[in-house]
Amino acid sequence: MSLRNIAIIAHVDHGKTTLIDILLKQSGAFRDNQKVAERAMDSGDLERERGITILAKCTSLTWKDTRINIVDTPGHADFGGEVERILNMVDGVIVLVDAAEGPMPQTKFVVSKALKLGLRPIVAINKIDKSDERHAYVVNEVFDLFASLDASDEQLDFPILYGSAKEGWMATAPEGPRDGMGPLFDLVVSHVPEPTTEVGAFSMLATTLEADPFLGRILTGRITSGSVAPNETIQALSREGKVVERGRITKLLSFDGLERKSVERAVAGDIVAIAGLSKATVSDTLCDISVTTALASDPVDPPTLAMTFRINDGPLAGQEGSKVQSRVIRERLMREAEGNVALTITDTGDKDSFDVAGRGELQLAILIETMRREGFELTVSRPQVVLQSDPDTGQSLEPVEEVIIDVDEEFAGAVVSKLNERKAELLEMKPSGGGRQRLIFQSPTRGLIGYQSELLTDTRGTAVMNRVFHSYAPFKGSIQGRRTGVLISNAQGNAVAFALWNLEDRGPLMIKPGTRVYEGMIVGGHTRGNDLEVNVLKGKKLTNMRASGKDDAVALTPPMILTLEKALAFIGDDELVEVTPESIRLRKRHLDPHERKRAERAAS
């Protein structure tokens, strides 16, 4: 049986996980009566809720007499650490593009990596059934994108398919025939080469890592040379060629549909998962004991954003979560860093806090949300960018991102002026059809922290922003942060409706009546530039006299409830987000007002 290894590249929400669902169904990977979840590859709760792929996953199917291994890649640049390594496992890629939106920044990010590796792409124009599809224009855009990324003539001569993954068909012409995914399967078999293998003893590069409660560490990768069987002794070599460890293979797993099944032997070219090693990690070479040189692998891109994770030391600590000690938080973060190579965790001088650096706000917010659901309580600081220094000039360099915003023409001016204040440069402005403009900027990552909610307010929710890491550039100077102060509770207890009603003129509130508050907790935004301490526990004074007027029922404006991402973007440098399994609270770093004043004086 011949073998093909392919990856599917697409922007967030362009339909790659849906496409894999249909490919699995039409290749007969499921029984007729088998119950399969929609978007079967997004197996995590958070992936299903947000509709994005976070971890790259493998699946395998059989078409006629060819076995096809498919890797679903994350479309989000924050999880791009996965993508670069995965492309080393495959011999061809399907670039899936939305027929209306065209190629987007994340598509560009992954395609550039694929073209550098010399992979020959197949272009599939998806969602051709949309009313605003413009396939001819999109094909030209894809060609221009490939040309701008220095694709070879062979790569530019790409085959094109049109179709709709949701309706379950692909064809060589936009009109159809609309009968199944056969044309795509046949094209993969004819266009993608068989895996190239080398002669010699067993060796493979570990590309993804996961922890299994029963099997321990599981490393997945493609076998470059030789063959392997369970119970054989192998070794792991680091990128420099040093021996990391030796161990025995306890389980050798191959992919079949969505399941992994144990196999007796695997040969060069196949994608397999190996269990039995305890220290080997991603980018290490797993090989026979006779092998002494490691396989070449890409270094992982450096993290661009960092946050401080610390214990919850507020008055309500330990009342909602079960895991509150710094030791437990540290163990969990170290476990996450093992499997997620784009994260780096460093201990700070303070025993109770840890610096966590990653690719972007979304990646760090997903980690916090996952920990919160596992019962952790912690406080996190505002994200800060990771600066580098230029080795030649000693100048500070900061990460710069390419930002693409699709917006209605009437709001384009507001977006440009806001981003100019945040030190962004407008590179291009072009119509994107339907009375919308596409604005392309290069902006420092610092300037984009917290911009998403402001963008939606400025454009009445009609703008779509996509961003991807571009490069490091000289530091662009200070950027003004939040312009308003906050309302801070001055006592501990339960908030009272009467007190909140009296505070409504001061600014938008973030709590409901009955919410437990404590001294130093942020209960709302202030309309002015300074912070204001307020009493939200003060009830109405009752006397023995009858009131001449009737007592009005207090009608409160609904509070501004912040999600985790909005809370991280809202806080200032002297504030923290307290995250527990049941609540997200905002608080000052120093709860005591006298300590706050001391810290302010020291800072100034």
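Residues numbered from 1 in each chain as written. Predicted model: local features only at pLDDT ≥ 70, side-chain atom pairs only at ≥ 80, totals over all residues. Heavy atoms only, no water.

Asker: Is there a simple way to think about the overall build of the chain in this case?
Answerer: A tally of regular secondary structure across the chain gives 15 helices and 34 strands. Split into buried and exposed, the 604 residues of the chain put 52% on the buried side. Expressed as a percentage of contacts within the chain between residues at least 6 apart in sequence, the contacts between residues at least 24 apart total 72%. Surface exposure of the chain reaches about 27,500 Å², of which carbon and sulfur atoms provide 49%. (Helix = DSSP H or I, 4+ residues; strand = E, 2+ residues; numbered from the N terminus. Buried < 20%, exposed > 50% of the residue type's maximum accessible area, 1.4 Å probe, protein only. Contact = heavy atoms within 4.5 Å. Areas by Shrake-Rupley, 256 points an atom, 1.4 Å probe, with all protein chains shown as cover.)

Asker: Where do I start with the packing of aromatic side chains in this structure?
Answerer: Here the distance between the centres and the angle between the planes together describe a pair of aromatic rings. This model, assessed by the stated rule, comprises 4 aromatic pairs. Judged by centre distance (4.3 Å) and plane angle (20°), the ring pair of Trp63 and Phe185 falls under stacked. Here Trp63, found in strand 2 (residues 57-63), pairs with Phe185, found in helix 7 (residues 182-191); they are 122 residues apart in sequence, far enough to count as distant. Here Phe146 and Phe158 contribute two aromatic rings whose centre-to-centre distance is 5.1 Å and whose plane-to-plane angle is 70°, an arrangement assigned as edge-to-face. You can see Phe146 sitting in helix 5 (residues 135-148) and its partner Phe158 sitting in the loop between helix 6 (153-156) and strand 6 (160-164), a full 12 residues away along the chain. Taking relative accessible area as the criterion, Phe158 reaches 10% and is therefore assigned buried. Among the aromatic residues, ring-to-ring pairing joins Phe143, Phe146 and Phe158 into one connected group. (Phe/Tyr/Trp six-rings, centres within 6.5 Å; stacked < 30°, edge-to-face > 60°.)

Asker: Is there a simple way to explain the environment of Ser203 in this structure?
Answerer: Structurally, Ser203 is set in strand 8 (residues 203-212). Each C-alpha atom of the pair Ser203 and Gly226 lies 6.8 Å from the other, and the pair is 23 residues apart in sequence. Setting aside chain neighbours within four positions, we find Ser203 in contact with Ile223, Thr224, Ser225, Thr285, Leu286, Cys287 and Leu295. Polar contacts involving the side chain of Ser203 include one to the side chain of Ser225, which spans 3.0 Å. (Polar contact = N/O pair within 3.5 Å; in protein donor to acceptor, adjacent residues only side chain to side chain.)

Asker: Looking at this model, I keep getting lost on the sheet that holds strand 12 (residues 243-248). Mind explaining?
Answerer: One key point about sheets: their strands pair by backbone hydrogen bonds, in either a parallel or an antiparallel sense. Sheet architecture is open: 8 strands sit in the order 12-11-17-8-9-16-13-14, paired in antiparallel fashion. For this open sheet the edge positions go to strand 12 and strand 14 (259-262), each flanked by a neighbour on one side alone. The sheet shows a mean angle of 35° between the axes of neighbouring strands, taken without regard to direction. Here 5 bridges tie strand 11 (residues 233-237) to strand 12, and the two strands are oriented antiparallel to one another. Bridge pairing in strand 12 places Leu237 opposite Val243. (Pairing = 2+ DSSP bridges. Axes fitted to C-alpha atoms, helices over the stretch in contact; angles between N-to-C directions.)

Asker: Any chance you could explain helix 10 (residues 412-421) here in plain terms?
Answerer: Within an α-helix, residues lying three or four positions from one another point in the same direction, as the helix has 3.6 residues per turn. The complete set of buried residues in helix 10 reads Ala412, Val415, Val416 and Leu419. Each buried residue of helix 10 lies within a common arc of 95° when the element is viewed along its axis, so the set occupies one face. (Arc of directions from axis to C-beta.)

Asker: I keep staring at the pattern of salt bridges and nothing clicks. Help me out?
Answerer: Should their charged atoms come close, side chains of opposite charge can pair. Considering all chains together, one arrives at 31 salt bridges under this definition. Asp98 is paired through a salt bridge with Lys127; the nearest N and O atoms lie 3.9 Å apart. One end of the pair, Asp98, is in strand 4 (residues 92-98); the other, Lys127, is in the loop between strand 5 (120-126) and helix 5, with 29 residues separating them in the sequence. You can call Asp98 buried: its relative accessible area is 1%. For Arg382, the salt bridge identified is with Asp573, shortest N-O distance 3.9 Å. Of the two residues, Arg382 sits in the loop between strand 21 (378-380) and strand 22 (384-385) while Asp573 sits in the loop between helix 14 (564-570) and strand 33 (575-579), which places them 191 residues apart along the sequence. Taking the relative accessible area as the measure of exposure, Arg382 reaches 18% and is therefore buried. Given the relative accessible area of 51%, Asp573 is considered exposed. Residues joined in a network through salt bridges with shared partners are Lys418, Arg422, Glu454 and Asp458. (Salt bridge = Lys/Arg side-chain N within 4 Å of Asp/Glu carboxyl O.)

Asker: Could you clarify how one ought to interpret the nonpolar core in this entry?
Answerer: Counting residues in hydrophobic clusters, the biggest one holds 36 residues, and the most contacted among them are Val71, Leu87, Val90, Val93, Ile125 and Phe146. If you list the elements that add at least two residues to this core, you get strand 1 (2-10), helix 3 (80-86), strand 4, helix 4 (105-116), strand 5, helix 5 and strand 7 (169-171). Once residues lying within four places of it in the same chain are set aside, the contact partners of Leu87 are Ala7, Ile9, Val93, Val110, Lys113, Ala114, Leu117 and Leu119. If you look at the next biggest cluster of nonpolar residues, it comprises 34 residues, including Met307, Leu333, Leu343 and Ile488. (Core = buried A, V, L, I, M, F, W, Y, C linked by side-chain atoms within 4.5 Å.)

Asker: Which parts of the structure should I look at to understand the side chain of Ser254?
Answerer: Its location among the elements puts Ser254 in strand 13 (residues 251-256). A polar contact of 3.1 Å, which involves the side chain of Ser254, links it to the side chain of Arg67. Excluding residues that lie within four positions of it along the chain, Ser254 makes contacts with Arg67, Glu259, Arg260, Lys261 and Val263.

Asker: Hey, could you run me through the packing of helix 10 against helix 12 (residues 451-458) in this one?
Answerer: The description of two packed helices rests on the angle between their axes and on the distance between the axes. Interaxial distance between helix 10 and helix 12 falls to 10 Å at its minimum, and their mutual angle equals 155°. Our classification of the angle between helix 10 and helix 12 gives roughly antiparallel. Crossing handedness for the pair helix 10 and helix 12: right-handed. Here Val415, Lys418 and Leu419 of helix 10 come into contact with helix 12, specifically with Tyr451, Glu454, Leu455 and Asp458. (Parallel < 35°, antiparallel > 145°, perpendicular 65-115°, else oblique. Left-handed = near helix turned anticlockwise from the far one by under 90°.)

Asker: Explanation requested: the confidence of the model for the chain in the structure shown.
Answerer: Any segment with low pLDDT has predicted coordinates that should not be analysed in fine detail. Model confidence for the chain is summarised by a mean pLDDT of 83, while 89% of its residues fall at 70 or above. Looking over the chain, one finds the lowest element-wise mean pLDDT in helix 2 (residues 45-50), namely 52, and the highest in strand 30 (residues 516-517), namely 94. (pLDDT = per-residue confidence, 0-100.)

Asker: Which parts of the structure should I look at to understand the pairing of strand 31 (residues 521-525)?
Answerer: Consecutive side chains along a regular strand alternate between the two faces of the sheet. With 5 of 5 residues buried, strand 31 is to be regarded as a mostly interior element. With 3 bridges joining them, strand 28 (residues 486-489) and strand 31 adopt antiparallel strand pairing. Residue pairing for strand 31: Leu487 is matched across the bridge by Gly524. Of the strand pairs in this sheet, strand 31 and strand 34 (residues 584-588) are connected by 2 bridges, and their pairing is antiparallel. Counterpart to Ile522 in the pairing with strand 34 is Leu586.

Asker: Please clarify how the environment of Val328 should be interpreted in this entry.
Answerer: Mapped onto the fold, Val328 is located in helix 8 (residues 326-339). On the accessibility criterion, Val328 (16% relative accessible area) is buried. With residues up to four places along the chain from it excluded, the contact list for Val328 reads Lys323 and Phe376.

Asker: Looking at this model, I keep getting lost on the environment of Arg467. Mind explaining?
Answerer: Examined against the element boundaries, Arg467 turns out to sit in strand 27 (residues 464-474). On the basis of relative accessibility, which here comes to 19%, the residue Arg467 falls in the buried class. Along the sequence, Arg467 and Leu448 sit 19 residues apart, while their C-alpha atoms lie 9.4 Å from each other.

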